[in-house]
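Structural features, examined
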Amino acid sequence: MGFLDSLLGRSKPVKPDLDQLFGLPSAAITLQAAIGFTPTGAGSVCFASIEGGAFAQVQQEARALLDADSERTGVPVEFGRDDYGYSWLLSRRDPDSLPALAGDLHAVNTALQDSGFGPQLLCSLVSFRDAELRPMAMVYLYKRGTFYPFAPLPGEKRDNPLEFQVKAAVKDDLRIEQDLSRWFPLWSAPGL
């Protein structure tokens, strides 16, 4: 950062730390013990799509990489678009295989980043449910290197008390996003 940047209040963006995704299994243990939320086995990566053969090739390589896993059972990796035009890759694992799911998300993010598409990466999420089947996701913000909880309610509302309860529970396991204005709602996220 240069002298003018410091005078004008500009700062360098935080570099993504994809290894933070590997903190999810310990956070899941904390979530289960503290408030009864367990992983569903679904996780996804959101990115802004761009047209072109190179991007399509990277998408196909990411899908092939995850589909080649001999331990994966059930539904293969899925690609889709949400109501806002963003693309999602959805990976499903056995709910007890959160380390493997974190590895899937890390591999997809790394493949896109290493191919020069890092600026298109937006977030990754892992879904959880409690005994009452309330949904909740831990969302990783790629450009910030931080997590936040997202707990949707019917009618595009949020369960803010639950989100703050989750934040307090996992603050020692994950790097939590402190700027609440960056806790974006992900209403149509697949797997949630």
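Right, let's walk through the structure included here. No experiment lies behind these values; they were computed from the predicted model shown. (Residues numbered from 1 in each chain as written. Predicted model: local features only at pLDDT ≥ 70, side-chain atom pairs only at ≥ 80, totals over all residues. Heavy atoms only, no water.)

Attention shifts here to the packing of aromatic side chains. Under the definition given, this model contains five aromatic pairs. Their ring planes at 55 degrees and their centres at 5.1 Å tell us that Tyr140 and Phe147 sit as a pair that is tilted. Exposure remark for Phe147: the relative accessible area of 0% places this residue in the buried category. Aromatic pair Tyr148 and Trp183: ring centres 5.9 Å apart, planes at 20 degrees, arrangement stacked. Here Tyr148, found in strand 6 (residues 146–150), pairs with Trp183, found in the segment after helix 5 (160–170); they are 35 residues apart in sequence, far enough to count as distant. For the pair formed by Tyr148 and Trp183, the shared burial category is buried. Among the aromatic residues, ring-to-ring pairing joins Tyr148, Phe164 and Trp183 into one connected group. (Phe/Tyr/Trp six-rings, centres within 6.5 Å; stacked < 30°, edge-to-face > 60°. Buried < 20%, exposed > 50% of the residue type's maximum accessible area, 1.4 Å probe, protein only. Helix = DSSP H or I, 4+ residues; strand = E, 2+ residues; numbered from the N terminus.)

In this section: the sheet that holds strand 6. Reading across the sheet, the six strands line up as 2-3-1-4-5-6 and stay open at both edges, with antiparallel pairing between neighbours. Strands at the two margins of the open sheet, each flanked by one partner only, are strand 2 (78–81) and strand 6. Sheet twist, expressed as the average angle between the axes of neighbouring strands with direction ignored, equals 25 degrees. Direction of pairing for strand 2 relative to strand 3 (residues 87–92): antiparallel, over a ladder of four bridges. Each bridged residue has a counterpart across the sheet, and for Phe79 the counterpart in strand 3 is Leu89. Contacts from helix 5 reach strand 5 (135–141) and strand 6, with the element oriented near 140 degrees to strand 6. (Pairing = 2+ DSSP bridges. Axes fitted to C-alpha atoms, helices over the stretch in contact; angles between N-to-C directions. Contact = heavy atoms within 4.5 Å.)

This next bit is on helix 5. For an α-helix, 3.6 residues make a turn, and residues three or four places apart therefore share a direction. Here helix 5 has its buried residues at Leu162, Glu163, Val166 and Val170. Summarising the axial view, the buried residues of helix 5 lie within an arc of 100 degrees, below the 170-degree limit, and thus occupy one face. Considering only its buried residues, helix 5 is in contact with helix 2 (24–35), strand 5, strand 6 and strand 8 (157–158). The opening residue of helix 5 is Asp159, an N-cap whose side-chain oxygen sits 3.2 Å from the backbone nitrogen of Leu162. (Arc of directions from axis to C-beta. Polar contact = N/O pair within 3.5 Å; in protein donor to acceptor, adjacent residues only side chain to side chain.)

Our focus in this paragraph is the pattern of salt bridges. When the charged atoms of two side chains lie near each other, side chains of opposite charge can form a pair. Using the criterion set out here, one finds ten salt bridges in the structure. Glu132 is paired through a salt bridge with Arg134; the nearest N and O atoms lie 3.9 Å apart. Look at Glu132 and you get exposed, because its relative accessible area is 62%. For Asp172, the salt bridge goes to Lys171, with nearest N and O atoms at 3.8 Å. We classify Asp172 as exposed; its relative accessible area is 69%. When its relative accessible area of 52% is taken as the criterion, Lys171 is described as exposed. Three or more residues joined by partner-sharing salt bridges are found here, namely Asp130, Glu132, Arg134 and Asp159. (Salt bridge = Lys/Arg side-chain N within 4 Å of Asp/Glu carboxyl O.)

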